[in-house]
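Here is how the chains run, residue by residue.
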Amino acid sequence: MRKLFLISFVMIVLVGISCNSQNKQKPATAISDNNDVEVYYFHMTTRCVTCKTVEAEARKNIEMLYPAQVKAGKITFIALNLDEASGKTFGEKLV
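Residues numbered from 1 in each chain as written. Predicted model: local features only at pLDDT ≥ 70, side-chain atom pairs only at ≥ 80, totals over all residues. Heavy atoms only, no water.

> I'd like to hear about the overall build of the protein, residue by residue, with values.
When helices and strands are tallied, the protein shows 4 helices and 2 strands. Secondary structure elements in the protein, listed N-terminal to C-terminal, are α-β-α-α-β-α. Intrachain contacts of the protein at a sequence separation of at least 6 include 65% that bridge at least 24 residues. For the protein, the computed accessible surface area is about 8000 Å², with 62% contributed by carbon and sulfur atoms. (Helix = DSSP H or I, 4+ residues; strand = E, 2+ residues; numbered from the N terminus. Contact = heavy atoms within 4.5 Å. Areas by Shrake-Rupley, 256 points an atom, 1.4 Å probe, with all protein chains shown as cover.)

> Lay out the packing of aromatic side chains with the relevant residues and their values.
Counted according to the given criterion, the structure contains 3 aromatic pairs. With a centroid separation of 4.6 Å and an interplanar angle of 40°, the aromatic rings of Tyr-40 and Phe-90 are classed as tilted. A residue pair is termed long-range when its members are at least 10 positions apart, and Tyr-40 in strand β1 (residues 37–43) and Phe-90 in helix α4 (residues 85–94) qualify at 50 residues. Using a relative accessible area of 24% as the deciding quantity, one classes Phe-90 as partly exposed. With a centroid separation of 6.5 Å and 25° between ring planes, the pair formed by Phe-42 and Phe-90 is classed as stacked. (Phe/Tyr/Trp six-rings, centres within 6.5 Å; stacked < 30°, edge-to-face > 60°. Buried < 20%, exposed > 50% of the residue type's maximum accessible area, 1.4 Å probe, protein only.)

Written out as C-alpha cells, the structure reads:
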C-alpha cells in the first residue's frame, strides 16, 4: 500500500512539473514585409473529432494572433489532405 502511494505521489508531481514548464513568452507579432508565411496543416481523409478540432483551433489561433497579417494576405492557413495527390506531392517535397 505504501509503495502504491509513493508511486501515485511521484506521478502527480511529475505531471505537475511538466505542465508548469511550458514556455510563458508572448508570441512574436512582427513579420517581415518581404516574406509571406504559409501555415500548412497536413491530415488524412479519415479524421477523428480531435483531429478536426486541432485544425480548427490552429486556424483560429493564427487568425487571432495575427489578424492584420491574415487580412493582408501575409499569412495563409492551408489544410492539405495527404491521401489526395496534390497533398501527397506537396508533403513529399517537405520531407
